[in-house]
Amino acid sequence: MRPLTCIITDDEPLAVKLLESFVAKTPDLELLGAYTDSVEAMTAIKQQQPDLLFLDIQMPDINGMELARMLPAETRVIFTTAFQEYAFESYEVSALDFLLKPIRYGKFIAAVEKARQWFGRTAQVATDDPKVASATAMPDTLFLRVDGEYRQVAVADILYVSGMKDYVMFYIEGERKPLITHMTIKAAEDLLPSSSFMRVNRSYIVALAKIRRVDRNDCLYIGDEIIRVTEAYKENFNLFINSRQVDR
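Residues numbered from 1 in each chain as written. Predicted model: local features only at pLDDT ≥ 70, side-chain atom pairs only at ≥ 80, totals over all residues. Heavy atoms only, no water.

Novice: If you had to explain the overall build of the protein chain to someone new, which residues and values would you point to?
Specialist: Summing up its helical and strand segments, the protein chain has 8 helices and 15 strands in all. Per-residue burial over the protein chain gives 46% buried out of 248 residues. Total accessible area computed for the protein chain in this model is approximately 13,900 Å², and 50% of it derives from carbon and sulfur atoms. (Helix = DSSP H or I, 4+ residues; strand = E, 2+ residues; numbered from the N terminus. Buried < 20%, exposed > 50% of the residue type's maximum accessible area, 1.4 Å probe, protein only. Areas by Shrake-Rupley, 256 points an atom, 1.4 Å probe, with all protein chains shown as cover.)

Right under this line is the structure:
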């Protein structure tokens, strides 16, 4: 299997040199380039399409969060920053990891290992069915920041997700109350695999396998909730229903 390729982007030259030294002594990790300018980095990323981007957040011109939102789908982010308060926002761009400066090699290796596992899972799915690789390749669990701590949640246990402004509520099977985290509904939609979850209106994403029934008014019965499929989302939902009908 080919090594993971990476690019480093940080406006601090010393931070770049440290990460370059980490990459150099890490097996099966290939450095394609290192940049202190985010605009130059974006051009290189589009041309070379690395697997990983080690990315600082506070940068001139284009900051790390803005850059992360412009990346090709094939490139995953590991943030490297001195500011812990950005950990919330890293979820919105589906970052693989969040390394707090000063970064130690042990933490760096752990983040790379997480990336290897992510890409290893992607490669396996791609071998089985390339058409669904991008939709299904994701971890079995998610860490959600709730009330100042991280809660690990099995993706298979999520019933549905509802959003309100900049907060999202994850309703989990067996949990009496939803887990509330700082995130947009769009970020949650991007985070969850489209093969198993579907947006059915502006505020709700549902786990397709958890739907008990759908009534004639396009209302879904899932958990203790009744959720309406609105007009803008009906076409996709009907395609899903039709693909699984047995009484055509």
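Here the narrative resumes, following the displayed structure.
Novice: Requested: an account of helix α1 (residues 13–24), with residues and values cited.
Specialist: The terminal C-alpha atoms of α1, which comprises 12 residues, lie 16 Å apart, in line with the 16 Å expected from a rise of 1.5 Å per residue. Of all the residues in α1, the buried ones are Ala-15, Val-16, Leu-19, Phe-22 and Val-23. Seen along its axis, α1 keeps its buried residues to an arc of 120°; they face one direction. Relative to its buried face, α1 has exposed residues pointing more than 90 degrees away, namely Pro-13, Leu-14, Lys-17 and Ala-24. (Expected span 1.5 Å × (residues − 1). Arc of directions from axis to C-beta.)

Novice: Go over the sheet that holds strand β15 (residues 225–228), please, and point to the residues and values.
Specialist: One open sheet accounts for 3 strands, arranged β13-β14-β15; its pairing is antiparallel. Each of the sheet's edge strands pairs with one partner strand only, and the pair in question is β13 (213–214) and β15. Where β13 lies against strand β14 (residues 219–222), 2 bridges are found, and the strand directions are antiparallel. Residue pairing for β14: Arg-213 is matched across the bridge by Tyr-221. (Pairing = 2+ DSSP bridges.)

Novice: Before we move on, could you go through the side chain of Thr-26 and cite the residues and values that matter?
Specialist: Counting through the fold element by element, Thr-26 comes out in the loop between α1 and β2 (29–35). Note on Thr-26: relative accessible area 4%, which makes it buried. At 2.6 Å, the side chain of Thr-26 forms a polar contact with the backbone oxygen of Phe-22. In this structure the side chain of Thr-26 is engaged in a polar contact, spanning 3.0 Å, whose partner is the side chain of Tyr-105. In contact with Thr-26, not counting residues within four places along its chain, are Tyr-105, Phe-108, Ile-109, Val-112 and Arg-116. (Polar contact = N/O pair within 3.5 Å; in protein donor to acceptor, adjacent residues only side chain to side chain. Contact = heavy atoms within 4.5 Å.)

Novice: Please give an account of the environment of Thr-80 that cites residues and values.
Specialist: With respect to the secondary-structure elements, Thr-80 resides in strand β4 (residues 76–81). For Thr-80, a relative accessible area of 0% translates into the label buried. Each C-alpha atom of the pair Thr-80 and Ile-8 lies 9.6 Å from the other, and the pair is 72 residues apart in sequence. With residues near it in sequence (within four places) discarded, Thr-80 still touches Asp-10, Leu-19, Phe-54, Leu-55, Asp-56, Ile-57, Leu-99, Lys-101 and Ile-103.

Novice: Can you tell me about the packing of aromatic side chains, naming the residues and giving the values?
Specialist: For the coordinates displayed, the defined rule picks out 8 aromatic pairs. Plain terms: the ring middles of Phe-22 and Phe-108 are 5.2 Å apart, the flat faces sit at 50° to each other, and that makes the pair tilted. Residue Phe-22 is found in helix α1, and its partner Phe-108 is found in helix α5 (residues 105–128); the two are separated by 86 residues along the sequence. Accessibility assignment for this pair places Phe-22 and Phe-108 in one class, buried. Ring centres of Phe-54 and Phe-108 lie 5.0 Å apart, and the angle between their planes is 25°; on these two criteria the pair is classed as stacked. Within this pair, whereas Phe-54 is found in strand β3 (residues 52–55), its partner Phe-108 is found in helix α5, the two being separated by 54 residues in sequence. Take Phe-54: its relative accessible area is 0%, and that puts it in the buried class. Taken together, Phe-22, Phe-54, Tyr-105 and Phe-108 form an aromatic cluster joined through their ring pairs. One residue, Arg-213, lies across the ring of Tyr-221, its end atom 3.8 Å from the ring centre. (Phe/Tyr/Trp six-rings, centres within 6.5 Å; stacked < 30°, edge-to-face > 60°. Lys NZ or Arg CZ within 6 Å of the ring centre and 35° of its normal.)

Novice: Mind laying out unusual backbone geometry, listing which residues take part and the relevant values?
Specialist: Only a minority of non-glycine residues have a phi that is not negative, and only a minority of peptide bonds are not trans. Here the residue pair Lys-101 and Pro-102 is connected by a cis peptide bond, since its omega of -5° sits within 30 degrees of zero. Relative to the helices and strands, Pro-102 resides in the loop between β5 (97–100) and α5. Non-glycine residue Asp-28 carries a positive phi angle of around 60°. With respect to the helices and strands, Asp-28 occurs in the loop between α1 and β2. In this model, Lys-165 sits at a positive phi of 55°, which is unusual for a non-glycine residue. Judged by relative accessible area, Lys-165 falls into the exposed class, the value being 79%.

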